[in-house]
Amino acid sequence: QVQLVESGGGLVQPGGSLRLSCAASGSIFSIWDMDWYRQAPGKQRELVAGITREGVTTYADSVKGRFTISRDNTKNAVYLQMSSLKPEDTAVYYCKVVARANLFSEVVAYWGEGTLVTVSS
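It should be emphasised that the depicted structure is a prediction, and the values quoted were computed from it without experimental measurement.

Visitor: It is not clear to me how the overall build of the chain should be interpreted in this structure. Could you clarify?
Guide: From N to C terminus, the chain includes zero helices and eleven strands. Along the chain direction, N to C, the helices and strands of the chain fall in the order β-β-β-β-β-β-β-β-β-β-β. The C-alpha radius of gyration of the chain comes to 14 Å, within 12% of the 14 Å expected for a compact globule of 121 residues. Principal axes of the C-alpha set define a box for the chain whose edges measure 50 × 25 × 25 Å. Across the 121 residues that make up the chain, the buried fraction comes to 41%. Here the analysis covers contacts within the chain between residues at least 6 apart in sequence; of these, 54% occur between residues at least 24 apart.

Visitor: What exactly am I supposed to notice about the environment of alanine 77 here?
Guide: Within the fold, alanine 77 resides in strand S8 (residues 77-82). What makes alanine 77 buried here is its relative accessible area of 4%. Alanine 77 has contacts with Cys22, Ala23, Met34, Ser70, Arg71 and Asp72, leaving out every residue within four places of it along the chain.

Definitions and cut-offs
- Residues numbered from 1 in each chain as written.
- Predicted model: local features only at pLDDT ≥ 70, side-chain atom pairs only at ≥ 80, totals over all residues.
- Heavy atoms only, no water.
- Helix = DSSP H or I, 4+ residues; strand = E, 2+ residues; numbered from the N terminus.
- Rg over C-alpha atoms; globule rule 2.2 N^0.38 Å.
- Buried < 20%, exposed > 50% of the residue type's maximum accessible area, 1.4 Å probe, protein only.
- Contact = heavy atoms within 4.5 Å.

Have a look at this one:
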């Protein structure tokens, strides 16, 4: 199976920056899309940014121009560079990876356990 480990969350002041990382490990045959989601208290989980294996990116309107998603296919890792952070960016951020564990397995969406980002003065 595929395991995801996220890191990089923490407390930051408004206007500050953070970089989230997510590394996939375990039995990995191939990885397709890699995404970052977030869930704020009392709200539904939402897509923040996504990147395909070819490097095509998508962003939520609320983060366009402030967040940048990237991936390193050699390390099975995805990153989220967050700048100009606002209090409304406060949430638990989750990494999601669409992958196949081996040649004969199904394509499955795997989720990390989340990392908390708090934007506050």
